[in-house]
Amino acid sequence: VAATPDQLEDVLLALFREVIDYADPGNEMFIRTMESSGFLLAEIEVKARHVKEPAYERLWDGIYRSPADGDAPGAKLRKAMWRLPGSFATVRKTKKGLALTLGLPKGA
């Protein structure tokens, strides 16, 4: 990955911290990694009985738009990604909960 060890640690911790608040206690969490089109992808999927629309929208806004509040959902991941040019994140609802994917550009 085109990142320093500290940058990589920061962005992966931010990914985990953003999604953990949506997980139902005691339920499973799935962590997957894969390679696709010049990127390494890290995805965390959590089982959650109900991902309420306002909470999902706040997370979506924090990742895809610049939140006014640095503690808003998604804001810490967005800030960590800014330090890694070419990285990206996606969030989506799943049948059983929520998945957050981080794309990291592969090194040369």
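Notes on the structure follow. Not measured: the values here are computed from a predicted model. (Residues numbered from 1 in each chain as written. Predicted model: local features only at pLDDT ≥ 70, side-chain atom pairs only at ≥ 80, totals over all residues. Heavy atoms only, no water.)

## Brief notes about the side chain of D24
Examined against the element boundaries, D24 turns out to sit in the loop between α1 (5–20) and β1 (29–36). Judged by relative accessible area, which is 15%, D24 ranks as buried. Excluding residues within four positions of it along the chain, D24 makes contact with K47, A48 and R49. (Helix = DSSP H or I, 4+ residues; strand = E, 2+ residues; numbered from the N terminus. Buried < 20%, exposed > 50% of the residue type's maximum accessible area, 1.4 Å probe, protein only. Contact = heavy atoms within 4.5 Å.)

## Notes on the packing of α1 against helix α3 (residues 75–82)
Between α1 and α3, the least distance of the axes is 8 Å, while the angle of their chain directions is 165°. The angle between the axes of α1 and α3 places the two elements in the roughly antiparallel class. For the pair α1 and α3, the sense of crossing is left-handed. Within the contact between the two elements, α1 uses D10, V11, A14, L15 and E18 and α3 uses A75, K76, L77, A80 and M81. Among the residues making up the contact of α1 with α3, the classes are represented as seven nonpolar, no polar and three charged. (Axes fitted to C-alpha atoms, helices over the stretch in contact; angles between N-to-C directions. Parallel < 35°, antiparallel > 145°, perpendicular 65-115°, else oblique. Left-handed = near helix turned anticlockwise from the far one by under 90°. Nonpolar A, V, L, I, M, F, W, Y, C, P; charged D, E, K, R; others polar.)

## Section: the side chain of T101
Secondary-structure assignment places T101 in strand β4 (residues 97–105). Of note is the side chain of T101, whose polar atom sits 2.6 Å from the side chain of E43. Ignoring anything within four residues of it in the chain, the contact list for T101 reads L41, A42, E43, F88, A89, T90 and R92. (Polar contact = N/O pair within 3.5 Å; in protein donor to acceptor, adjacent residues only side chain to side chain.)

## What to know about the sheet that holds β4
Across the sheet, which stays open at both edges, the four strands sit in the order β1-β2-β4-β3 with antiparallel pairing between neighbours. Because the sheet does not close on itself, it has two edges, and the strands there are β1 and β3 (88–93). For this sheet, the mean angle separating the axes of adjacent strands, direction not counted, is 15°. The sheet contact formed by β1 and strand β2 (residues 39–47) spans eight bridges and is antiparallel. (Pairing = 2+ DSSP bridges.)

## Things to note about the nonpolar core
Ranked by size, the top nonpolar core spans 24 residues in total, and within it V11, L77 and L98 carry the most contacts. Elements represented by at least two residues in this core include exactly α1, β2, α2 (53–64), α3, β3 and β4. Apart from residues no more than four positions distant in its own chain, V11 is found in contact with L77, A80, M81, L84, L102 and L104. (Core = buried A, V, L, I, M, F, W, Y, C linked by side-chain atoms within 4.5 Å.)

## What about the environment of M81?
Here M81 shows up in helix α3. The class of M81 is buried, set by a relative accessible area of 10%. Leave out the neighbours within four places in its chain, and M81 touches V11, S87, F88, A89 and L102.

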